[in-house]
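# Fold and contact review
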Amino acid sequence: MKRILLYIMLLFTTVATFAHSGGSYEHSDIFKSMQADDKAAILMVHFGTTHDDTRELTIEAFNNQVKQAFPSIDVREAYSSRIVIKRLSVRGIYKVNPLEALKQLHADGYTHILIQSSTVIDGVEMESLYKNVEEVSRLFKDIRIGTPLLYSPHDYEDVIKVLTAENKKDVAYIWVGHGTYDATTAQYAMLDYMLKAKGYTNCFVGTVEGYPKYDDVLAQLKASDLKKVVLMPFMFVAGEHAKNDIAGDWVENLKKEGLSVTENLQGLGENPKIREIYLSHLQFITTHRKIDIMEKKSMYEKTGEKMILEY
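A brief structural summary. (Residues numbered from 1 in each chain as written. Predicted model: local features only at pLDDT ≥ 70, side-chain atom pairs only at ≥ 80, totals over all residues. Heavy atoms only, no water.)

### Things to note about the overall build of the chain
Within the chain, the secondary structure is distributed over 13 helices and 10 strands. Looking at the 311 residues of the chain, the share that counts as buried comes to 48%. Intrachain contacts of the chain at a sequence separation of at least 6 include 78% that bridge at least 24 residues. As displayed, the chain offers around 16,300 Å² of accessible surface, 54% of which is attributable to carbon and sulfur atoms. (Helix = DSSP H or I, 4+ residues; strand = E, 2+ residues; numbered from the N terminus. Buried < 20%, exposed > 50% of the residue type's maximum accessible area, 1.4 Å probe, protein only. Contact = heavy atoms within 4.5 Å. Areas by Shrake-Rupley, 256 points an atom, 1.4 Å probe, with all protein chains shown as cover.)

See the structure below:
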């Protein structure tokens, strides 16, 4: 009987944690687990940009915000785009990729690593980061990855609050993301759907290289009968795509439709409130450890629903 009660108590504790954190995390304070000789570091991972102006306003601003939030922790950075790294190196600006940064952290004696990416969606860039971490995870006592900007439904709600803070009903607001070639591009469509579900029928989300496409946005825009458009990048930095595709092709095509278009080429990373959402993801993993699916299955097998139903 005592064993059954113990299983029930453990299950309810697990359920409470999952309800609070999306069903994938358990409470675990990374700093409290450290011993005397352990060292912690934060690795900021960015896609990167060759544009100095937007880098200072977005990437460097975010890095500095994290340094202020964690004044006693070493904060380093890595760029995930090999093309950006190569182009910057020609100009004498040297950046390392995530795997190189992690190996260097190990060489420098760091044992506990917190990683936060400025990636917008949980797509191919995050997948690459997960694989990098898996490759070196055995080198560290604890290594954790914060989620991208859009991950849980709560993240979408937080982002929508920021995007619509100065919403005017007679203006069409269009945010254009990078997009991706696989199923994860649906996250942009989810944001568009949630905007409409919350009553922001004058807000639209499109992508440069995914879904929703320009034609999808245009069809919705025509149905709205709105004539004034504000066009903005839904990207952390306002780099190549923002300055060429959005400010070029999208603006040009919308004007051909007889619309009045204003472009606001401000990367998401320039908005302090957006950076606060990212920061909250980093702060969350300081006190929560992600449980992978096999751990969850093992937990359910030992404490799970079948036993509760039987008793």
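### A word on the packing of aromatic side chains
Here the structure, examined in full by the defined rule, presents 7 aromatic pairs. An angle of 45 degrees between the planes, with centres 5.4 Å apart, marks the rings of Phe62 and Tyr278 as tilted. Within this pair, whereas Phe62 is found in helix α3 (residues 59-69), its partner Tyr278 is found in helix α11 (residues 272-287), the two being separated by 216 residues in sequence. Residues Tyr173 and Trp175 carry aromatic rings whose centres are separated by 6.2 Å and whose planes lie at 20 degrees to one another, so their mutual orientation is stacked. Over the ring of Tyr110 we find Lys39; its NZ or CZ atom is 4.2 Å from the centre of that ring. (Phe/Tyr/Trp six-rings, centres within 6.5 Å; stacked < 30°, edge-to-face > 60°. Lys NZ or Arg CZ within 6 Å of the ring centre and 35° of its normal.)

### Description of the pairing of strand β8 (residues 228-233)
With 5 of 6 residues buried, β8 is to be regarded as a mostly interior element. Taken together, the 6 bridges between strand β6 (residues 171-177) and β8 define a ladder with parallel strand orientation. In the sheet register, Tyr173 faces β8, and the bridge partner there is Val230. One ladder, built from 4 bridges, connects β8 with strand β9 (residues 260-263); its direction is parallel. Following the sheet pairing, Lys228 is matched in β9 by Ser260. (Pairing = 2+ DSSP bridges.)

### Side note on the environment of Tyr110
In this structure, Tyr110 sits in the loop between α5 (98-107) and β4 (112-117). When near neighbours in sequence (up to four residues on either side) are disregarded, Tyr110 contacts Lys39, Ala40, Ala41, Asp74, Arg76, Leu105 and Phe140. Looking at Tyr110, its side chain comes within polar contact range of the side chain of Asp74, at 2.9 Å. (Polar contact = N/O pair within 3.5 Å; in protein donor to acceptor, adjacent residues only side chain to side chain.)

### Focus: the sheet that holds β8
On the basis of which strands lie adjacent, the open sheet formed by 4 strands has the order β7-β6-β8-β9 and parallel pairing. The open sheet has two edge strands, β7 (203-207) and β9, and neither has a second partner. The mean angle between the axes of side-by-side strands here comes to 25 degrees, regardless of whether they run parallel or antiparallel. Where helix α9 (residues 214-224) meets the sheet, it contacts β6, β7 and β8, and its direction lies at approximately 165 degrees from that of β7. (Axes fitted to C-alpha atoms, helices over the stretch in contact; angles between N-to-C directions.)

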